[in-house]
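Here is what each chain is made of, one letter per residue.
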Amino acid sequence: MADQSSTEQPGNEERGIQLNVPQDVLDHFAKLGVTPETFSGGHLGEKLGIRIVEASPERVVGTMPVDGNQQPYGLLHGGASAALAETLGSIGSMLHAGPGRYAVGVDLNATHHRSATSGLVTGVATAVFRGRTAATYEIAITDDQGRRITSCRLTCMLRDL
């Protein structure tokens, strides 16, 4: 992937985004009116407030506010954590797949360790397997104090467009 973008993308410097995304991927999503911070979260990612702050095939980092993503008891909803994890792992898988290919989640596992009631949670997706037809990521979601909230594993199937 020789043609890559990073913080040189207009506006990324002031937001602290560190993207290692092929320009053709950014161009594709720009035509759809999607910004780099939400390019893989789509409308759900926008509703959840997911923001991508770093993206490469090896590691993807994103944040999500707890506020607005709580279940009736005021705790971060487990489904919101799962959506954050799948978004981050899917971005990594898509970047690994390369131009002309896409990633589809086929297995997601989430273990919720503790609750969060406020602030931002941060997810870090780390590649554990990157093959020709599949990619697997481990995603650790932590609270503002660095305590682990959720541990996830996502496997994506890699397909040609």
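See the structure shown above.
Read on for an overview of the structure. (Residues numbered from 1 in each chain as written. Predicted model: local features only at pLDDT ≥ 70, side-chain atom pairs only at ≥ 80, totals over all residues. Heavy atoms only, no water.)

Thoughts on the pairing of strand β4 (residues 51–55)
Then, in step 1: Bridging between β4 and strand β5 (residues 59–65) involves four bridges; their strand directions are antiparallel. Bridge pairing in β5 links Arg-51 to Thr-63.
Then, in step 2: Count of turn residues in the β4/β5 antiparallel hairpin: three residues. (Pairing = 2+ DSSP bridges. Helix = DSSP H or I, 4+ residues; strand = E, 2+ residues; numbered from the N terminus.)

Some words on helix α4 (residues 78–97)
Residue pairs three or four apart in sequence face the same way in an α-helix, which turns once every 3.6 residues.
Then, in step 1: Relative to the 28 Å expected for 20 residues at 1.5 Å per residue, α4 spans 28 Å between its end C-alpha atoms, a close match to the ideal helical length.
Then, in step 2: α4 sits mainly inside the fold: 16 of its 20 residues count as buried. (Expected span 1.5 Å × (residues − 1). Buried < 20%, exposed > 50% of the residue type's maximum accessible area, 1.4 Å probe, protein only.)

A word on a nonpolar patch on the surface
Then, in step 1: A contiguous nonpolar patch, built from Tyr-102, Val-104, Val-106, Met-157 and Leu-161 and spanning about 450 Å² of accessible area, is present on the exposed surface.
Then, in step 2: It is strand β6 (residues 101–112) that provides the largest number of residues to the nonpolar patch, a total of three residues.
Then, in step 3: Here Val-106 shows up in strand β6. (Patch = residues over 30% accessible without salt bridge, like charges linked within 9 Å, V, L, I, M, F, W, Y side chains within 5 Å. Areas by Shrake-Rupley, 256 points an atom, 1.4 Å probe, with all protein chains shown as cover. Salt bridge = Lys/Arg side-chain N within 4 Å of Asp/Glu carboxyl O.)

Re the pattern of salt bridges
Then, in step 1: Following the criterion strictly, the structure yields five salt bridges and no others.
Then, in step 2: Put simply, Arg-130 and Glu-58 hold a salt bridge, and the shortest N to O gap is 3.6 Å. Of this pair, Arg-130 sits in strand β7 (residues 120–130) while Glu-58 sits in the loop between β4 and β5, and the two are 72 residues apart along the sequence.
Then, in step 3: Of the residues examined, Arg-130 reaches a relative accessible area of 37% and is grouped as partly exposed.
Then, in step 4: Overall, Glu-58 belongs to the partly exposed group, its relative accessible area being 41%.
Then, in step 5: Across the pair Arg-153 and Asp-107 runs a salt bridge whose closest N-O atoms are separated by 3.0 Å. Placement of the pair is Arg-153 in strand β9 (residues 148–160) and Asp-107 in strand β6, with a sequence separation of 46 residues.
Then, in step 6: Overall, the relative accessible area of 36% leaves Arg-153 in the partly exposed class.

Focus: the nonpolar core
In globular proteins that are soluble, nonpolar side chains generally tend to be buried together.
Then, in step 1: Counting residues in hydrophobic clusters, the biggest one holds 29 residues, and the most contacted among them are Met-64, Leu-76, Val-121 and Ile-139.
Then, in step 2: Only β4, β5, α4, β7, β8 (134–142) and β9 provide two or more residues apiece to this core.
Then, in step 3: The leading source of residues in this core is α4, at nine residues.
Then, in step 4: The residues contacting Leu-76, other than those within four sequence positions of it, are Met-64, Val-66, Asn-69, Gln-70, Gln-71, Ser-81, Ala-116, Val-121 and Ile-149. (Core = buried A, V, L, I, M, F, W, Y, C linked by side-chain atoms within 4.5 Å. Contact = heavy atoms within 4.5 Å.)

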